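What follows is the residue order along each chain.
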Amino acid sequence: MILLLSVRLLDGRYHGLTANGEKPEWPPSPFRLFQALVAGNARGTTLQPEVAEALRWLESLNAPDVIAPNAESGQTVLAYVLNNTDGRSRTPKMIRPTILKGDRLIQYAWKFDPNSKDAIRHADVVAKAARHIRALGWGIDMAIGNGEIVDAIQPTTHPRIRFFPAKDADVVGADFRSPGIGSLASLEECYSQYLARFESNETTQLESGAPIYQLQPYLTREVRPHAVFKLLDTNEDPYRYPHAKLIHIAGMVRHLAIEMMKNDPPPWVENPADWVNRAVRGKRDEASSDDHKQFSYVPLPSIGHEHADAMIRNVMVVAPLGMERELNYLVERLDGVEMKPEGYAEACETDSTPSVSGRAELQEFTPLRGKFIATRYLGTSSVWETVTPVILDGCNRKSKSDKPEAIARATEKLICKALGRAGIEAPCEFTWQSIPFVKNTLSAHKYDGHGSRTGYYRPSYLQGRTAVHVRIRFGRRQLSDDPESAWIPANVPGPVMIGAGRHCGFGIFAAPPNRP
């Protein structure tokens, strides 16, 4: 279950800073909310025993998801504030508020096990305690709090952004302060020492202790479930397949998945035939009101170093969010199975047929840390660039007489549409071109200047669409109206796939070798 705490700011500005006070903090960290809970519920120097006990329980939970509106940094102003050292004089301070764009609601979602001892009781106490929140950030950041226990969080809509705590300790993300064991005790001690400074008759000012919290990396996109397979020949050596014909590998793996799930579907699926048709085969049911979810079969070109040949030696199966169980079931049945060229024609026809010479077997494995699959396809970065071109959902020109400006606007709209359909909501800016960003990969063009085929073979249903290579930089500028203002990066985890061909190997992105 989920303990969902919501805070609505009364003003469209927020003044909280990061722990070192060097830059604006957005969104407000989970520890900032924890401080607001303590301050709002304290009666003098104490908390009610049941509230203190519930907050100590909250300390023990994993960091929450954070959902907040988009925001930008405002103009810097000079103010004179009370000096915290002596509590009497005023000192100059530069203030740079964060300006909210859209609504003013910030949400924090803690997942917990309802079957653990007293969990429901503690969650209910914290939910009620949230109603006593009076400010979030500085004292001038007036706010109204609320809490509830829910089964799931409703999907976010633009321009709200959902931040996910990274599960991998080695992931590089934006660090948010989050409560940890001892946070409540440290805040009580800090407040006690703060009061003691004014009660002391000594000329030397007493120093307050530091609050205890943990730094948690956060990402702006949840990692989709995935599994990676090696392609092996009869000698258990890596099997190589031409980069331009990667669609053949995707088609054969897809056919195997359909065959396996037809013969042995997951026992918990209510309508196996319909599930295989939609999730495994990828047929969209236009009459259904449910969101369409399907597996993606993604060949991975070898891009381990600048002289890599980009041949296909690995393939990845990616599942929609929430389908880890189904993915594991499918992977167990694909592991060790030989690919069959005769099964390729399952809705993946091109003007060439698979040229699989000899035996090619799928073998599941966990990509090694530091190697190209783990770092470039499945790593975390604020910059991503295509290895295979994005096939857009349409054409970016209506006629040969279209002006470049009109083509650019149409391309931008189609790329934005592709990002939305892939479920990528993090703010970003992007560039596109026909020439590849990664060495030894292929152009987005279908034909060269002489009319001969070049680039990638496509399935028939993607033949008439525009394809481009794309570089995306996730993040935002401090001032959206100023293109020269500082850039604030946002880290996004792989795999990243967009476009009409993302389920069969097109539009797969990789992080640059020296990713930021």
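Residues numbered from 1 in each chain as written. Predicted model: local features only at pLDDT ≥ 70, side-chain atom pairs only at ≥ 80, totals over all residues. Heavy atoms only, no water.

A word on the overall build of the protein chain
- When its secondary structure is counted, the protein chain shows nine helices and 23 strands.
- Relative to its 516 residues, the protein chain shows a buried fraction of 50%.
- Taking all contacts inside the protein chain whose residues are at least 6 apart in sequence as the whole, residues at least 24 apart take part in 76%.
- Counting only carbon and sulfur atoms, one obtains 49% of the accessible surface of the protein chain, whose full area is about 25300 Å². (Helix = DSSP H or I, 4+ residues; strand = E, 2+ residues; numbered from the N terminus. Buried < 20%, exposed > 50% of the residue type's maximum accessible area, 1.4 Å probe, protein only. Contact = heavy atoms within 4.5 Å. Areas by Shrake-Rupley, 256 points an atom, 1.4 Å probe, with all protein chains shown as cover.)

Looking at the environment of valine 77
- Relative to the assigned elements, valine 77 resides in strand E4 (residues 77-82).
- Sequence separation between valine 77 and arginine 96 is 19 residues; the distance between their C-alpha atoms is 6.4 Å.
- Setting aside residues up to four positions removed in sequence, valine 77 forms contacts with Lys93, Met94 and Ile95.

Focus: a nonpolar patch on the surface
- Together, Leu10, Met142 and Ile144 make up a nonpolar patch on the protein surface, roughly 290 Å² of accessible area in all.
- Note that isoleucine 144 resides in strand E8 (residues 143-150).
- The exposure class of isoleucine 144 is exposed, given its relative accessible area of 51%. (Patch = residues over 30% accessible without salt bridge, like charges linked within 9 Å, V, L, I, M, F, W, Y side chains within 5 Å. Salt bridge = Lys/Arg side-chain N within 4 Å of Asp/Glu carboxyl O.)

Description of the side chain of threonine 441
- Mapped onto the fold, threonine 441 is located in the loop between strand E19 (428-433) and strand E20 (467-477).
- Side-chain polar atoms of threonine 441 contact the backbone oxygen of valine 438, separated by 2.5 Å. (Polar contact = N/O pair within 3.5 Å; in protein donor to acceptor, adjacent residues only side chain to side chain.)

Some points on the pairing of strand E11 (residues 214-219)
- Pairing of strand E9 (residues 160-165) with E11 involves two bridges; the strand directions are antiparallel. Looking at the pairing, phenylalanine 164 lines up with leucine 219 of E11.
- As paired elements, strand E10 (residues 174-178) and E11 share five bridges and run antiparallel to each other. Across the sheet, the residue bridging to alanine 174 is tyrosine 218, located in E11. (Pairing = 2+ DSSP bridges.)

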